[in-house]
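Here's the letter readout for the chains.
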Amino acid sequence: MQLFIDSAEISEIKKAAETSLCDGVTTNPTLAAKAGRDYNDILKEICSIIKGPVSAETVSPDADGMVKEGIAFSKIAKNIVVKVPMTVEGMKACQQLTKKGIRVNVTLVFSANQALLAAKSGAFLVSPFVGRLDDIGKVGMDVVRDIKQVYDNYKLTTQILVASVRNPIHILEAAKIGADIATVPYSVFEQLFKHSLTDAGIKKFLEDWEKVPKKK
Ligand code: E4P
């Protein structure tokens, strides 16, 4: 399963890139607002660090506006993927952008039916938001499981990008289901490396190493 970083913070993206374990980046208006810089500048910088897909989100309410924004984003770098929301207008934009050879990530997906429409519209990526479903007392991962089944049934090639990830359990569940990608906040990415028994093991080995006789 590929791992993307869900962030617009250059320092986080650089740290993730240094591990060579970050396959792409997703951004959205909320993350851009947190970063507090011009969105195009942020995207340009991210694309200079990460060679995999970098998602840039449109904000227009209508298909024409989304397509215009998408074309402009696609000129920033070859690896830009344009995010459109799961709406009727979003699907029109997805179809038009896909026809132009611009890859699309359909975002704000909360059901397998929505994911089916995204795939039929030619989406490159579909983003089910698991955390936001959990937040309202639903099981977000059930939607990912349903999408996987539907896509497998019809050999749909849209990749499932599990989004709104809150913890490492979401990532494990996504991998067990066979999702293609999980996009994760940098704090969760860091958590993946950690285990208390690993830390305790290193501590003990270092202590014991001090006791090993060494030639002068
Ligand atoms: C990624 O593409 C999404 O925009 C993001 O994962 C949403 O996460 P949130 O629900 O934590 O805002």
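In this report, the structure presented in the accompanying data block is examined. Being a predicted model, the structure only gives us computed values, none of them experimental.

### Here's the deal with the nonpolar core
By size, the foremost hydrophobic cluster in this structure holds 61 residues, and its most contacted members are Ile80, Val84, Val106 and Val162. By size, the runner-up hydrophobic cluster in this structure holds seven residues, among which are Phe4, Val81, Leu125 and Phe129.

### Considerations on the site of the ligand
Taken together, Asp6, Thr26, Asn28, Lys83, Phe129, Arg132, Ala163, Ser164, Arg166 and Thr183 are the residues near the ligand. At 2.7 Å from an oxygen atom of the ligand is found a side-chain nitrogen or oxygen belonging to lysine 83. Taking arginine 166, its side chain carries an N or O atom lying 2.7 Å from an oxygen atom of the ligand. Compared with its free state, where it exposes 340 Å², the ligand has 85% of that area covered by protein.

### Regarding the environment of tyrosine 39
Looking at the secondary structure, you find tyrosine 39 in helix H3 (residues 39–49). By relative accessible area, tyrosine 39 is classed as buried at 17%. Put simply, tyrosine 39 and lysine 83 are 44 residues apart on the chain and 14 Å apart in space, counted from C-alpha to C-alpha. Apart from residues no more than four positions distant in its own chain, tyrosine 39 is found in contact with Thr27, Asn28, Ala32, Ser55, Ala56, Glu57 and Phe73.

### Here's the deal with the state of the cysteines
Evaluation of the coordinates by the stated rule reveals zero disulfides. Cysteine cysteine 22 shares no disulfide, and the gap to the nearest cysteine sulfur, in cysteine 47, comes to 12 Å. Residue cysteine 47 is classed as buried on the basis of its relative accessible area, which comes to 7%.

### Concerning helix H6 (residues 112–120)
Listing the buried residues of H6 in full gives Ala112, Ala115, Ala118 and Ala119. Each buried residue of H6 lies within a common arc of 110° when the element is viewed along its axis, so the set occupies one face. Opposite its buried face, H6 presents the exposed residues Asn113 and Lys120, each directed more than 90 degrees away. Where the residues of H6 are buried, they touch helix H5 (88–99), strand S5 (104–109), strand S6 (125–128) and helix H8 (140–153). Once H6 finishes, glycine 122 follows within two positions and takes phi at roughly 90°, a positive value.

What counts and what doesn't
Residues numbered from 1 in each chain as written. Predicted model: local features only at pLDDT ≥ 70, side-chain atom pairs only at ≥ 80, totals over all residues. Heavy atoms only, no water. Core = buried A, V, L, I, M, F, W, Y, C linked by side-chain atoms within 4.5 Å. Buried < 20%, exposed > 50% of the residue type's maximum accessible area, 1.4 Å probe, protein only. Near = heavy atom within 4 Å. Polar contact = N/O pair within 3.5 Å; in protein donor to acceptor, adjacent residues only side chain to side chain. Areas by Shrake-Rupley, 256 points an atom, 1.4 Å probe, with all protein chains shown as cover. Helix = DSSP H or I, 4+ residues; strand = E, 2+ residues; numbered from the N terminus. Contact = heavy atoms within 4.5 Å. Disulfide = S-S within 2.5 Å. Arc of directions from axis to C-beta.

Geometry only, nothing functional implied.
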